[in-house]
Amino acid sequence: MDTEVLVVGAGPTGLTLAHELRLAGVSAVLVDKLAQRSTLSKAGGVQSRTQEAFDQRGLLEPLLATGNFPIGTAHFAGITLPLTRERHRHPWRSIPQVAIEGFLEEHLAARGIPVRRDHELIGVAQDGDGVTATFANGGVVRSRYLVAADGGRSTVRSLLGAEFPGRPGTMTTVAADVRLGGEDLAMTHARSADGHWVSVFPLGTDPQGRPLRRLSLGGPGRSLPREAPVTEDEIRDGLRAVFGSRVRLLDLRYARRITNAARQAARYRHGRVFLAGDAAHVHLPIGAQGMNTGIQDALNLGWKLGAAVHGWAPEHLLDTYHAERHPVAAAVLRNVQAQSLLMDQQGTGDPDLVAAKELFAALTHLPAVQYHLDDMLSGMGIRYPMPGAEDHPSVGLPAPDHDLGPLRSHKLLRRGRGVLIDPADRFAKLAALWPGRVDRAGRGAEAEPMLIRPDGYVCWAGNPDDLEPALGHWFGEPQ
Ligand SMILES: Cc1cc2nc3c(=O)[nH]c(=O)nc-3n(C[C@H](O)[C@H](O)[C@H](O)COP(=O)(O)OP(=O)(O)OC[C@H]3O[C@@H](n4cnc5c(N)ncnc54)[C@H](O)[C@@H]3O)c2cc1C
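Residues numbered from 1 in each chain as written. Predicted model: local features only at pLDDT ≥ 70, side-chain atom pairs only at ≥ 80, totals over all residues. Heavy atoms only, no water.

Peer 1: When you look at the sheet that holds strand 25 (residues 450–452) in this model, what are you seeing that I'm missing?
Peer 2: By definition, the strands of a sheet pair up through backbone hydrogen bonds, in either a parallel or an antiparallel sense. Ordered in space as 24-23-25-26, the four strands form an open sheet in which the pairing is mixed. Two strands close off the open sheet at either side, each with one partner strand: strand 24 (438–441) and strand 26 (458–461). Taken pair by pair, the neighbouring strands of this sheet meet at an average axis angle of 20°, ignoring direction. As judged from the three bridges shared by strand 25 and strand 26, these two strands associate in the antiparallel manner. Across the sheet, the residue bridging to Met450 is Ala461, located in strand 26. (Pairing = 2+ DSSP bridges. Helix = DSSP H or I, 4+ residues; strand = E, 2+ residues; numbered from the N terminus. Axes fitted to C-alpha atoms, helices over the stretch in contact; angles between N-to-C directions.)

Peer 1: For this particular structure, what's the right way to read the nonpolar core?
Peer 2: Nonpolar side chains in soluble globular proteins tend to end up buried together. Ranked by size, the top nonpolar core spans 62 residues in total, and within it Val5, Leu6, Leu30, Leu146 and Leu305 carry the most contacts. Of the residues forming this core, the biggest block, eight residues, is contributed by helix 7 (residues 290–310). If near-sequence neighbours (up to four positions away) are discounted, Leu30 is found in contact with Val7, Gly9, Ala10, Gly14, Leu15, Ala18, Leu108, Ile113, Pro114, Val115 and Arg116. With 38 residues, the next largest nonpolar core counts Leu317, Ala399, Leu412 and Leu430 among its residues. (Core = buried A, V, L, I, M, F, W, Y, C linked by side-chain atoms within 4.5 Å. Buried < 20%, exposed > 50% of the residue type's maximum accessible area, 1.4 Å probe, protein only. Contact = heavy atoms within 4.5 Å.)

Peer 1: Just to check I follow, could you spell out the UniProt feature "domain: FAD-binding" (unreviewed entry) in the chain for this structure?
Peer 2: Listed under "domain: FAD-binding" (unreviewed entry) in the UniProt record, and renumbered for this structure, are residues 2–335. Span residues 2–335 is 28% helix and 29% strand, its end C-alpha atoms 41 Å apart. (UniProt positions renumbered as here; feature names shortened; annotations may be inferred.)

Peer 1: Could you clarify how one ought to interpret the sheet that holds strand 17 (residues 262–264) in this entry?
Peer 2: Ordered by their spatial adjacency, three strands build an open sheet running 11-17-20, and the pairing between neighbours is antiparallel. Single-partner strands in this sheet number two, and they are strand 11 (166–167) and strand 20 (281–282). The pairing of strand 11 with strand 17 spans two bridges and is antiparallel. Each residue of the ladder has a partner; that of Gly166, found in strand 17, is Arg263. The sheet contacts of helix 8 (residues 319–343) involve strand 11, strand 17 and strand 20, and relative to strand 17 the element is tilted by about 170°.

Structure follows, in structure tokens:
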């Protein structure tokens, strides 16, 4: 073997995965076909759970120190959800994808995992022991596992012949990174009476420190073929249709057309090959979910691959990746479909849709509705199916951040191991049977006893008799 795990694609998913593998003490090679990192952003919105997970790894603070990343307000179908700002320690924040990629790439390079660029994967073959990947530059890498984080048009997925069912695109909208003049539009979803619409949110600053905005626009007659170049005139016209002369285009840095294709891999695991991020699911970028879902795929898979490489993964562990993550992206695809419909992105002006959106907007004044939508979008409501989830309200959910006196429990997750919160020091002997896999926070901890997986999800709480089976289920045979 050249390496334990080959990660194909150094987007946010591949970079996060490589970080998780390093933390798990597993050798990893990270390759990308691009000769240089892109300087243009796709994603900009980072949800609460993604920020929390970065914080649990000690990455959030240094990431935020690399720029000015404003907190914004989450939205569903353009209807803002202001109550969500107060709900989480890390509310929705605008952090451009390039900033995340740049930060993670440098962080990894400094720790001995540089991205091997100019490595376009063109072949993949697996056998009982490992996977052989071949590259356009003539290189060959043999690994025990391979993770395809090579984006929506994944080469690995095609080479595997993996089923990718769903719907082809039926329309396009425009996404552009711009500087705007005139009225300040930090975060806006606006539409004209005749169905043209523009969404704007902050996207960091340009090298001169001037604010950049991510603009999306569409409406009647604006759904052009995906390959048709986006022109400045088209963007000016879209802005004028909604804002008149109140807003001007100053600088167009990047633009592309986006389709509403919605597809999801039928299986995330193909023997020793795993699909993650956009390679496993694609959808319209509405509500800031694609990159967040990919990063969370990586967090779910990383420690499990680590366990498999170290030889202590229980038989079922690698399969829980599909079992846990497939339903999450399926739910994202569905909420994106609903948002796209309510937003009437083609500007049909269908009165039935207008009525439905009015009613929906009225409902979102109810806190319970905002919280429900926020649970869905922020990632904080993701609950994995696992043993004990029926018996205890916390099992399967992201772990709360317990105050443990000098420490908070989320900090204990920095090592990428399981954490047993054991305030009464009841389980010290038991936890000692899983050394190096589970850390125990004992006496002094004013918290409910619980077992937390390395990815930050509660996997046991409540009945003490269930702790030992839970340790075995997630952390393998005791030593
Ligand atoms: C306009 C727009 C706005 C968006 N806004 C948001 C948002 O606000 N929030 C959000 O969460 N998501 C958003 N998204 C979605 C987000 O950008 C994607 O979900 C995210 O990029 C997926 O990350 P990834 O690492 O899985 O794939 P990618 O970012 O596509 O990375 C894949 C990598 O694999 C490499 N690669 C491809 N093929 C090969 C090969 N054969 N060999 C080697 N390397 C290869 C590519 O060069 C690339 O670097 C947006 C998308 C768009 C287009």
